[in-house]
Structures are given as structure tokens and as C-alpha cells.
Amino acid sequence: MTPQANTSRRGSEPAVVRVENVYKSFGDTDVLRGITLAIDHHEVVALIGKSGSGKSTLLRCINLLEQVDDGQIFLDDKELTDPLVKQDDVRSHIGIVFQQYNLFPHMTVVDNVALANRHVFKKGKHEARDEARALLERIGLGDKANEYPDRLSGGQQQRAAIVRAIATNPRVLLLDEVTSALDPELVGEVLDLIRELKQTGVTIVMATHEMNFARDVADRVAFLDDGVILEQGPAKQVLTTPREARTREYLKRFNAAH
Amino acid sequence: MNNDREARRPSATELDRRAFRRRQNTRSVIISLVSTIIFAVVIWLAVVNSPGWQQVQNSFFNWDTIVQAFPRVGEGLWLNIRVLFYATIGVAVLAFIIAIMRTLRGPVFFPLRALAAGYTDLFRGMPLIIVLYLVGFGIPGLNLFGRMPLEFWGTIALVTTYSAYVAEVFRAGIESVHPSQRLAARSLGLSYAKTLRLVVMPQAIRKVTPALMNDFIAMQKDVGLISVLGAVDAVRAAQIETAAAFNFSPYVLAGLLFVLLSLPMIRISDWYTGRLRRREQMGALV
């Protein structure tokens, strides 16, 4: 473990998620080459870096949607990468939201949100539905609760997907470029929701291309390059006065394009 | 990058994990193997020790009779294979036409839609054996055509019945392609027919390949039913041999030959659908 990796952590209480020296390759492509990262309770960490730098793969590894080739991942000091661990159990305590929403098209929005509580956490049908409806109400989707996802706009679908992920009160919420598939005018409503979640204390790790948003909302930014975390630190510092030349280059090119 | 990779040795944790997974894997393979063998042995012992086993073995699994019956049953099977070949082509064409007719939109096409719907309703409901009698003995009775061989009418009957099933499978496939795909194709200026041919059908057929293969394999067996018309196929030949030898073994032989006939198709369909899945769906652990 590199000593510099955890320097930006704030408290001394145990990290919610701890990634230690994780490697992952697909065929001949090494996607993650020794990632070490710790995320504290109530912390929002943004992963930035160009496409293919490994952001999504890292999130998928944390949710055990991919098997790591080496290294360990811990959730509240419990090793997730232990082959004996119950994977479904782990996943039920980690929420993930995908770029393409992935709502279930054959269920209404409220049933999408209530699904895990009903069938994983064994809550009653009415209880789970009422909770789901209350959540949707809170984020302004109350009137869409009984609609099918296809009838919703992209922004509404993505908000519903985020609500589905947090409905079970996961220990950490993983957001995988959740605004990348959205029209620019719909991005705002999704970012507002994430901002609100941060205020309620949800621990978030997000892969994002929204630099302004990352600067506003993230406590910490990690720059992934070629499968390693090249630089990390407080959001403002990394995004405005990066130490590494390659981070500077990436941000410059990114700002030129936007 | 790759040099790094060659140089990097997996950590002790990872090596432990791999060893654990290997052990786990070996263990499950051994368990399943042992349980399969025990199951097979128990069944075998139960059958062999049953009071009537001697007689059953004699009248169903008599090696000499099987060898003796082989040439004629094999010859009959060749007829089945030929019928199957033509029936498959016939079913593919007719089912496709019916499926298209059923999916046509607009009031102008109502008669065609109704005709196609009526056809599938009728022939999915009617037992194949009755269709065989009606077609095999009824149509020749009209004296419209010259004398045709029995297997010809058998093939027509098979095509008639199976087209109704396969047309519904095709239709399910066509309707499962998301409407946005049609929109995208029409937006490029493709005609209705071209949209169907170039965009909808390829996706539709991919989705229903397992169901199609299933119907094909079912038809492969039902080809044996043309024997009721008197055509000397494998089943009929086995019947003749059985009568001659006063022993049921030729039926067992015919049955085994039908199984062998269907095996390649089953394997090919498994392989094909597996390949499609790998190509079009992003892999994941879950």
C-alpha cells in the first residue's frame, strides 16, 4: 500500500469502503493497475479521468459485479473480495446507478423502487410501496409513481434509478457517470438530487465528467490515469491547482472542449 | 504496460484466493460426479433386478434382431431425412409468409390478417395425425393431381401443421423488436419491406432461435408419423421388422437412430445461441 494513498482522509474512524491495491484486466487490457482508495462515512468522492481510465471498472469491482484479479476491497472492515463472502448480501448494502438508468421496463416506477425492499429485505408489499412512494414524493416524482419507466424523460428515469438504489439505505452509493446519457437541460435535476443526497449524509463514490459539479459537491477528487490513481486530494485543489502534469493536461483539454 | 504485467507477481492473498476457488471447483465437480454415478447405479440395479427384466431385455434389447433390422430401418431413416429436408424449407417459407401477414398494419390488410390468424388457430389446434389423414388420404381422393408418393403428402401435412407453430414464433420475434428500431430504420428512408428484411427480421430471428430450434427438433421426430400413411420410413420399417421377428428391438433401434439424428442439431443450436449471447450482451458475473 502506498503511504500517500490515504493522506487525504479526514477522520480516524474506519473507512466505509477501503480499496487496497486492486488489479483488474480484461484479456490483454490492464484496466486497474494497483488502485488504493479509502472512502469515509458521509464522504463524497469523485473519480475523474478520461474514458477507459478505469473509473467504471473500479465501481463495478466495489459492487462485486466484476471479480478483481488481485488486491482487496473492504466494506466496513469486512473483506468483500473474500471468496467465502455472500455476494448478494454485499450487493444489498451497496447501491449503484448506471449511465443507462437500467430501470426495469415491465414494472411501474414505484415497483422499481420497492423491489429490493420487498424481495431482498422481505418488507411487506404495502410497506415497501409506501416507502417508495414517499421517496418519490420527496424528489418530486410522486405523480410518476404509477407510470412505466418508458413514459418518463431521461432525467426523471435517472432520478428514479437513483432513488431505487438508495431505497434500501445502502452503506455507500456508487454513481457511474449518471448524467452522461442525459440531455444537457436534464443534467441539472439529477445533479440537484445528488447534492440533496449529500446533504442527508449519503456516502457517495461517483465517476463523473461534470467537473464543476465535482468541485461543488465532492469532498475529494481522485484522478485516474491508465489504471492508477495519479493524484487525489480536496476537490478544489485537484481541479484548480493539480500537482501532476497529466492531471493539468487532462483538465486543460477538458475545459477547452466544454 | 504489458511489461509491468509480466513483472507483477500476484499477491499472497490473490494466490490464496485462486487456490481456494480451485479447491471449491474441484469439490463441486467431484460431488456432482459422485451423485450422478450413484443415481445411475441405483436406477440400473433397480431395473436389472426387477422380476420381468429377463423378458424385457429379450424382447426390447435383442442384439441379433437389432443387427438384422438395421439395413431396412436405416433405409427408412434416409426417407425421414429427405422428408425433413423438404419440410424444413417448406415450413421456413410458409411460416415466414404467415407471420408477415399477421403483422401487417392497416385496415386494408384485414382479410390477410384474418386469414393468417385463422390458419394458425386451426392448425395449431388440430392434431398432426388428423392433418396427416386429411391431407394424405383426402387430397389424393380429389383426383386433381396425378399419383404422388405417400411421403409427398406426408411432407405437405408436416409443413401445414408446423408452419402454424413456427409462424407464431416468428411473430413473437418480430413483435419483440423494440418499436424504436423500426422508427430508426424508417427514418433512414428504408421502405417497410426493407425495414423488415434488414433490421427487424435479423433481430427477431436471433431472439427466437432457441424456440425455432426447439420446433425443428420436434418436427424431426414427428417426421416419423408419416408412417401412418404407409410410407416406409424408419418407424414403418421397424414395425415390419418387429412383426417379422416377433420382437420389439427394431423399435428401440429406430428410436435410437432418431435421437442420434437430433443430437447434432441440438448441439449446433446450443453453440449458436451461446455465440449470439456472447457477441451481443456485455458479459458480467451476475
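Quick caveat: nothing in here was measured; it's all calculated off a predicted structure. (Residues numbered from 1 in each chain as written. Chains lettered and ligands numbered in written order. Predicted model: local features only at pLDDT ≥ 70, side-chain atom pairs only at ≥ 80, totals over all residues. Heavy atoms only, no water.)

**Overview of the overall build of chain B**
Part 1 of the argument: Check the secondary structure of chain B and you find 11 helices and zero strands.
Part 2 of the argument: Starting at the N terminus and ending at the C terminus, chain B contains elements arranged as α-α-α-α-α-α-α-α-α-α-α.
Part 3 of the argument: A globule of 286 residues ought to have a C-alpha radius of gyration of about 19 Å, yet chain B, at 26 Å, is considerably larger.
Part 4 of the argument: Oriented by its inertia axes, the alpha-carbon framework of chain B measures out at about 80 × 70 × 30 Å.
Part 5 of the argument: Sorting the 286 residues of chain B into buried and exposed places 33% on the buried side. (Helix = DSSP H or I, 4+ residues; strand = E, 2+ residues; numbered from the N terminus. Rg over C-alpha atoms; globule rule 2.2 N^0.38 Å. Buried < 20%, exposed > 50% of the residue type's maximum accessible area, 1.4 Å probe, protein only.)

**Observations concerning unusual backbone geometry**
For residues besides glycine, phi is generally negative; the peptide bonds are generally trans as well.
Part 1 of the argument: In this model, Leu64(A) sits at a positive phi of 60°, which is unusual for a non-glycine residue.
Part 2 of the argument: Inspection of the secondary structure puts Leu64(A) in the loop between α1 (55-62) and β4 (70-75).
Part 3 of the argument: Positive phi values are uncommon outside glycine, yet Asn143(B) reaches one of about 60°.

**Some thoughts on α1(A)**
Residue and element names in this part refer to chain A.
Part 1 of the argument: Counting buried residues along α1, seven of its eight residues qualify, which places the element largely inside the surrounding structure.
Part 2 of the argument: Among all positions of α1, only Lys-55, Thr-57, Leu-58, Leu-59, Arg-60, Cys-61 and Ile-62 are buried.
Part 3 of the argument: Backbone geometry just downstream of α1 places Leu-64 in the positive-phi region, at approximately 60°.

**Here we look at the packing of aromatic side chains**
All names here are of chain B.
Part 1 of the argument: Inspection of the entire model under this criterion finds 12 aromatic pairs over all chains.
Part 2 of the argument: Summarising the aromatic geometry, the rings of Trp-44 and Trp-53 are spaced 6.3 Å apart at their centres and angled 75° between planes, so their arrangement reads as edge-to-face.
Part 3 of the argument: For Trp-53, a relative accessible area of 14% puts it in the buried group.
Part 4 of the argument: Aromatic side chains Phe-60 and Phe-248 sit 5.1 Å apart centroid to centroid with 15° between the ring planes, which places their arrangement in the stacked category. (Phe/Tyr/Trp six-rings, centres within 6.5 Å; stacked < 30°, edge-to-face > 60°.)

**Some thoughts on the packing of helix α5 (residues 110-125) of chain B against helix α7 (residues 150-176) of chain B**
Residue and element names in this part refer to chain B.
Part 1 of the argument: Where α5 meets α7, the closest approach of the two axes is 8 Å, and the angle between their N-to-C directions is 120°. As far as their axial angle goes, α7 and α5 are oblique. In this structure, α5 meets α7 at a crossing whose hand is left-handed. Residues Tyr-119, Thr-120, Phe-123 and Arg-124 of α5 lie in contact with α7, whose contacting residues are Val-159, Thr-160, Thr-161, Ser-163, Ala-164, Tyr-165, Ala-167 and Glu-168. (Axes fitted to C-alpha atoms, helices over the stretch in contact; angles between N-to-C directions. Parallel < 35°, antiparallel > 145°, perpendicular 65-115°, else oblique. Left-handed = near helix turned anticlockwise from the far one by under 90°. Contact = heavy atoms within 4.5 Å.)

**Looking at the UniProt feature "transmembrane region" (unreviewed entry) in chain B**
All names here are of chain B.
Part 1 of the argument: Sites flagged by UniProt as "transmembrane region" (unreviewed entry) map to residues 28-47, 83-104, 125-145 and 251-269.
Part 2 of the argument: Helix makes up 100% of residues 28-47 and strand 0%, and the two end C-alpha atoms of the span are 29 Å apart.
Part 3 of the argument: As annotated, residues 83-104 comprises 95% helix and 0% strand, and the C-alpha atoms at either end are separated by 31 Å. (UniProt positions renumbered as here; feature names shortened; annotations may be inferred.)

**Remarks on the sheet that holds strand β10 (residues 228-234) of chain A**
Residue and element names in this part refer to chain A.
Part 1 of the argument: One open sheet holds the six strands; their spatial order is β6-β7-β8-β3-β9-β10, and the pairing between them is mixed. What marks the edges here is a single partner per strand, and that holds for β6 (94-97) and β10. Taken over all neighbouring pairs, the strand axes of this sheet differ in orientation by 15° on average, direction set aside.
Part 2 of the argument: Pairing analysis gives six bridges linking strand β9 (residues 220-225) to β10, with the strands arranged antiparallel. Of the residues in β10, the one forming a bridge with Arg-220 is Pro-234.
Part 3 of the argument: Against the sheet, α1 makes contact with β3 (44-48), β6, β7 (172-176), β8 (204-207) and β9, and its axis sits at roughly 150° relative to β7, the strand it touches most.
Part 4 of the argument: Together, β6 and β7 form the strand contacts of helix α5 (residues 154-166), whose direction differs from that of β6 by roughly 170°. (Pairing = 2+ DSSP bridges.)

**Describing the packing of helix α8 (residues 179-187) of chain B against helix α9 (residues 192-222) of chain B**
All names here are of chain B.
Part 1 of the argument: Contact geometry for α8 and α9: axes closest at 10 Å, N-to-C directions at 140°. With respect to their mutual orientation, α8 and α9 come out oblique. Seen from above, α8 lies across α9 with right-handed handedness. From α8, Gln-181, Arg-182, Ala-185 and Arg-186 reach across to α9, where they touch Tyr-192, Thr-195, Leu-196, Val-199, Val-200 and Gln-203.
Part 2 of the argument: Residues that form the contact of α8 with α9 fall into these classes: five nonpolar, three polar and two charged. (Nonpolar A, V, L, I, M, F, W, Y, C, P; charged D, E, K, R; others polar.)

**Some thoughts on the UniProt feature "domain: ABC transmembrane type-1" (unreviewed entry) in chain B**
Part 1 of the argument: Residues annotated in UniProt with the feature "domain: ABC transmembrane type-1" (unreviewed entry) correspond here to residues 77-269 of chain B.
Part 2 of the argument: Annotated as 81% helix and 0% strand, the span residues 77-269 of chain B places its first and last C-alpha atoms 22 Å apart.

**Notes on a positive patch on the surface**
Part 1 of the argument: A grouping of Arg275(B), Arg277(B), Arg278(B) and Arg279(B) is seen on the molecular surface, where their side chains present a positively charged patch.
Part 2 of the argument: Looking at Arg275(B), the relative accessible area reads 33%, which means it is partly exposed. (Patch = residues over 30% accessible without salt bridge, like charges linked within 9 Å, V, L, I, M, F, W, Y side chains within 5 Å. Areas by Shrake-Rupley, 256 points an atom, 1.4 Å probe, with all protein chains shown as cover. Salt bridge = Lys/Arg side-chain N within 4 Å of Asp/Glu carboxyl O. Lys, Arg positive; Asp, Glu negative; His and termini not counted. Charge placed at Lys NZ, Arg CZ, Asp CG, Glu CD.)

**Thoughts on the domain arrangement of chain B**
Part 1 of the argument: Domain annotation of chain B identifies domain 1 (2-43) and domain 2 (62-277).
Part 2 of the argument: Spacing between the C-alpha centres of domain 1 of chain B and domain 2 of chain B amounts to 43 Å. (Domains from an automatic or database assignment.)

**Details of the sheet that holds strand β5 (residues 78-79) of chain A**
Part 1 of the argument: Spatial strand order, β2-β1-β4-β5 (chain A): four strands in an open sheet with antiparallel pairing. Two strands bound the open sheet, and with one partner strand each, they are β2 (29-39) and β5 of chain A.
Part 2 of the argument: Relative to β5(A), β4(A) is paired through two bridges, and the arrangement is antiparallel. Residue Leu75(A) lies in a different strand from β5(A), and its bridge partner there is Lys78(A).
Part 3 of the argument: Sheet contacts for helix α2 (residues 12-48) of chain B: β4 and β5 of chain A; angle to β4(A), the most-contacted strand, approximately 90°.

**Points about the pattern of salt bridges**
Part 1 of the argument: The tally for this structure, following the rule as stated, stands at 28 salt bridges over all chains.
Part 2 of the argument: Note that Asp77(A) is salt-bridged to Arg18(A), the shortest N-O span being 2.9 Å. Remark: Arg18(A) occurs in strand β1 (residues 17-26) and Asp77(A) occurs in the loop between β4 and β5; sequence separation between them is 59 residues.
Part 3 of the argument: The partly exposed category is assigned to Asp77(A), whose relative accessible area is 47%.
Part 4 of the argument: Between Asp226(A) and Arg33(A) there is a salt bridge; the shortest N-O distance is 3.9 Å. Taken together, the residues Asp226(A) in the loop between β9 and β10 and Arg33(A) in strand β2 connect sequence positions 193 residues apart.
Part 5 of the argument: Asp226(A) sits in the partly exposed class, given a relative accessible area of 33%.
Part 6 of the argument: Three or more residues joined by partner-sharing salt bridges are found here, namely Arg102(B), Arg124(B), Glu168(B), Arg171(B) and Glu175(B).

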